[in-house]
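The residues making up each chain are set out below.
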Amino acid sequence: MTETTQTLEQMQAEIAALKEQRLQELELAAAQRELDQLKAGNIPVDAAVGNAAIAGEQINDLKLARVRQGLNGLAHFICGPIASVYYGSKTGHWLPTLAATGVAVVAVPVAVIDFGFTLAVAPPLASCLMMCNKSSEKRRQLGIMMPEQADALIAKVTRF
């Protein structure tokens, strides 16, 4: 009787280990499918709910990816602080605006020496470069090349 009990316990342990292994395989397969969808430019959605189940983080990533970098640079060149706040509110990514504010605080004492040139150039340049770099990073992560592709994905996601 003891030998049978040990055999049953061993079999139950093996079954539990196989179940755990199968669950890990299924999770890995799901992660691989999601990665393949992202590489193909598709945003994975929850099938039960549809397009309304897109995570807010994915929407924010798409907002960053659709920043037109040339227009971003031009806007920062023409009116730096306003452009920085505009792009911060448009994308929800406020770090470039905060960094530009920090650069401006540091540039104020230098402005006395160089007649304000550093104050006029450094903060908008810092904000613009940070926003462009973040936008390029999100495009690379999403596997898209142009902001128009991000616009199309947002249109696909937000369509009801």
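Residues numbered from 1 in each chain as written. Predicted model: local features only at pLDDT ≥ 70, side-chain atom pairs only at ≥ 80, totals over all residues. Heavy atoms only, no water.

A short note on the overall build of the protein
Now for step 1: Of regular secondary structure, the protein possesses seven helices and zero strands.
Now for step 2: Going from N to C terminus, the protein has its helices and strands arranged as α-α-α-α-α-α-α.
Now for step 3: With 160 residues in all, the protein has 26% of them scored as buried.
Now for step 4: Counting only contacts in the protein whose residues sit at least 6 apart along the sequence, the fraction spanning at least 24 positions is 63%.
Now for step 5: Accessible area for the protein stands at about 10,800 Å²; split by element, carbon and sulfur atoms hold 65% of it. (Helix = DSSP H or I, 4+ residues; strand = E, 2+ residues; numbered from the N terminus. Buried < 20%, exposed > 50% of the residue type's maximum accessible area, 1.4 Å probe, protein only. Contact = heavy atoms within 4.5 Å. Areas by Shrake-Rupley, 256 points an atom, 1.4 Å probe, with all protein chains shown as cover.)

Let's talk about the nonpolar core
Now for step 1: Among the nonpolar cores identified, the biggest contains seven residues, and these are Leu62, Ala65, Leu142, Ile144, Ala150, Leu153 and Ile154.
Now for step 2: Mapped onto this core, the elements with two or more residues apiece are helix 2 (56–65) and helix 7 (147–158).
Now for step 3: Excluding residues that lie within four positions of it along the chain, Ile144 makes contacts with Ala65, Arg139, Gln149, Ala150 and Leu153. (Core = buried A, V, L, I, M, F, W, Y, C linked by side-chain atoms within 4.5 Å.)

Notes on the confidence of the model for the protein
Now for step 1: With 88% of its residues at a pLDDT of at least 70, the protein reaches an overall mean of 84.
Now for step 2: Segment residues 46–53 is flagged for pLDDT under 50; beyond a separation of four residues in sequence, or across chains, it makes six contacts in the model. (pLDDT = per-residue confidence, 0-100.)

Some details on helix 6 (residues 117–142)
Now for step 1: Under the 1.5 Å per step criterion, the end-to-end length of helix 6 is 38 Å for 26 residues, consistent within 8% with the ideal 38 Å.
Now for step 2: Three or more residues of helix 6 are buried, namely Pro123, Pro124, Ser127, Cys128, Met131, Cys132, Ser135, Lys138, Arg139 and Leu142.
Now for step 3: Positive backbone phi, at 75°, marks Gly143, one or two positions downstream of helix 6. (Expected span 1.5 Å × (residues − 1).)

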